[in-house]
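# Commentary on secondary and tertiary structure
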Amino acid sequence: MEKRYYQPGIETMAYKDMKKLQEERLAAQVKHVYENVPYYKQLMDEKGVTPDDIKTLDDLKKLPFLTKADLRDQYPYGLLAKDLSECVRIQSTSGTTGRRVVAFYTQNDVDIWEDCCARAIVAAGGTNEDVCHVSYGYGLFTGGPGLNGGSHKVGCLTLPMSSGNTERQIQFMMDLGSTILCCTPSYAAYIGESLKERGYKPEDNKLKAGIFGAEPWTEEMRHDIEKLLGIKAYDIYGLTETSGPGVAFECEEQTGMHINEDHFLAEIIDPDTGEVLPDGEKGELVFTSLTKEAFPLIRYRTRDICVLSRKKCSCGRTLIKMSKPMGRSDDMLIIRGVNVFPSQIETVLLNKGYTPNYQIEVNRVNNTDTLDINVELTPEEYKAAKNELDIREKKLASAIKTMLGISPRVHLVAPKTIARSEGKAVRVIDHRKLHD
Ligand code: DLL
């Protein structure tokens, strides 16, 4: 009999007990940040709220929000709530200093994070009989380390493949009989296509499930991947700021992701007014970490737009569910699993002496994202560079790759070829259909 829950006591807890647990943890967490992080104290003092004011979940709305701009201002140590000597790990997002998020973990933080990922693996049918093939990137990105830790906790045989080198992925998958695949949905589709090209049928592999996240993907893509690989594909959500993957995970019902709400308290707000919206309404997801020691977040605005639901789930879990993210309330793009802000591209263009007349085009071809950047030259530049456009495009592409971590195709185009807008410049054309 398959084990259905990793921590049944929590995952199927009656909501009244969960609420009590959340309230106790919330009060302790707010006290922890107030006493140990001068920046939080300052934000709370400005709002005239003290830890004594926070006793119930209803009191949460008295607290100030935290945004990515706060994280940027406080980079790198300003939000640290533990002595560095008690921290054992950092993880980070890609990007340059201004946009980079660096999260700190105590050993206890790592343990809890791995438990959250273990819950996701068990929900996807994982047991100690499984071979868990982790093809998320390892290193600073949270995907590899998070699922790796979760897989250990479940007792799976863990293959720490990291991403890339698809030939080797396929060889290990077939030779060692991988049963669970963890990677971005686009990479899963790519692996599936590559298996097909090599003449493998879905029944030739031993895979039974996939745990895919870190980027938006549609139900259509889910069906494609399930068919290609002969598996059930589960969604998983998280962000570096809150520790990484495992904030929420899908169960066999596949109708949204259960939030590990004993550790992450979720709210939905109106992104324009900050007003808290009732369950069932669409808005921006905000998280308060309840147990984080080193890098706690109070009312952190994720910018992800989604809906929360407490509808009863057939899997028996009582944890609240979030829908797939339906977009963002900022301009961040996720291209090949990497977070990209148009302003990063603009910075490179300006540093390299180009005009800010550019347009970014994103597409998804055979389940792989493509990034094209059209950059307009001035008439003088165009005349001067005509015979060496190729070289200059390659140079600029390489500078942008250094900034973003992914390779774009750069096209230096003739003056006045990028359509001018009468209102805000249209910097990004996203041809991908990312949301249902
Ligand atoms: O992407 C953590 C992660 C790793 C999640 C592996 C799942 C699996 P960041 O690089 O900080 O962290 O990016 C976080 O990615 O705010 C969402 O916009 C997006 N995102 C993450 N998971 C999903 C998902 C990791 N399942 C940002 N569906 C988040 C849609 C997702 N978007």
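In the block above lies the structure referred to throughout.
What you are looking at is a predicted structure, and each value in this text was computed from that prediction instead of being measured.

## Topic: the overall build of the protein
The helix and strand tally for the protein stands at 12 helices and 20 strands. Its C-alpha atoms give the protein a radius of gyration of 23 Å, near enough to 22 Å, the size a compact globule of 436 residues would have. Along the three orthogonal principal directions, the C-alpha set of the protein runs to about 70 × 60 × 45 Å. The 436 residues of the protein split such that 56% are buried. Considering only intrachain contacts with a sequence separation of at least 6, the fraction spanning at least 24 residues in the protein is 66%. Approximately 19100 Å² of the protein is accessible, and the part contributed by carbon and sulfur atoms is 51%.

## Side note on the site of the ligand
The full set close to the ligand counts 21 residues, and Ala214, Asp235, Ile236, Thr240 and Asp304 are the nearest of them. Isoleucine 236 is positioned with one of its backbone polar atoms (N or O) 2.7 Å from a nitrogen atom of the ligand. For the ligand, an oxygen atom lies 2.6 Å from a polar atom in the side chain of threonine 240. When isolated, the ligand has an accessible area of 610 Å², and the protein chains bury 97% of it. Among the elements that make up the shell around the ligand, the one with the highest residue count is strand 7 (residues 232-239) (five residues). Across the shell around the ligand, the residue classes break down as 10 nonpolar, seven polar and four charged.

## Focus on the nonpolar core
Core analysis: the biggest nonpolar cluster contains 53 residues, and Leu66, Tyr237, Leu285 and Met322 have the highest contact counts within it. With five residues, the top contributor of residues to this core is helix 5 (residues 107-123). Setting aside residues no more than four positions away along its own chain, leucine 285 makes contact with Tyr237, Ala266, Glu267, Ile268, Tyr300, Arg301, Thr302, Arg303, Asp304, Cys306, Leu308 and Met322. Membership of the second largest hydrophobic core comes to 26 residues, among which are Val338, Val375, Ala385 and Ile400.

## Here's the deal with the packing of aromatic side chains
The final tally for this structure, using the stated rule, is seven aromatic pairs. Judged by centre distance (5.8 Å) and plane angle (40 degrees), the ring pair of tyrosine 77 and phenylalanine 104 falls under tilted. Here tyrosine 77, found in the loop between helix 4 (68-73) and strand 1 (87-92), pairs with phenylalanine 104, found in strand 2 (residues 102-106); they are 27 residues apart in sequence, far enough to count as distant. What makes tyrosine 77 partly exposed here is its relative accessible area of 48%. Relative to phenylalanine 287, the ring of tyrosine 237 has its centre 6.4 Å away and its plane inclined at 40 degrees; by these criteria the two rings are tilted. A residue pair is termed long-range when its members are at least 10 positions apart, and tyrosine 237 in strand 7 and phenylalanine 287 in strand 11 (residues 283-289) qualify at 50 residues.

Parameters at a glance
- Residues numbered from 1 in each chain as written.
- Predicted model: local features only at pLDDT ≥ 70, side-chain atom pairs only at ≥ 80, totals over all residues.
- Heavy atoms only, no water.
- Helix = DSSP H or I, 4+ residues; strand = E, 2+ residues; numbered from the N terminus.
- Rg over C-alpha atoms; globule rule 2.2 N^0.38 Å.
- Buried < 20%, exposed > 50% of the residue type's maximum accessible area, 1.4 Å probe, protein only.
- Contact = heavy atoms within 4.5 Å.
- Areas by Shrake-Rupley, 256 points an atom, 1.4 Å probe, with all protein chains shown as cover.
- Near = heavy atom within 4 Å.
- Polar contact = N/O pair within 3.5 Å; in protein donor to acceptor, adjacent residues only side chain to side chain.
- Nonpolar A, V, L, I, M, F, W, Y, C, P; charged D, E, K, R; others polar.
- Core = buried A, V, L, I, M, F, W, Y, C linked by side-chain atoms within 4.5 Å.
- Phe/Tyr/Trp six-rings, centres within 6.5 Å; stacked < 30°, edge-to-face > 60°.

In short, geometric facts, not functional conclusions.
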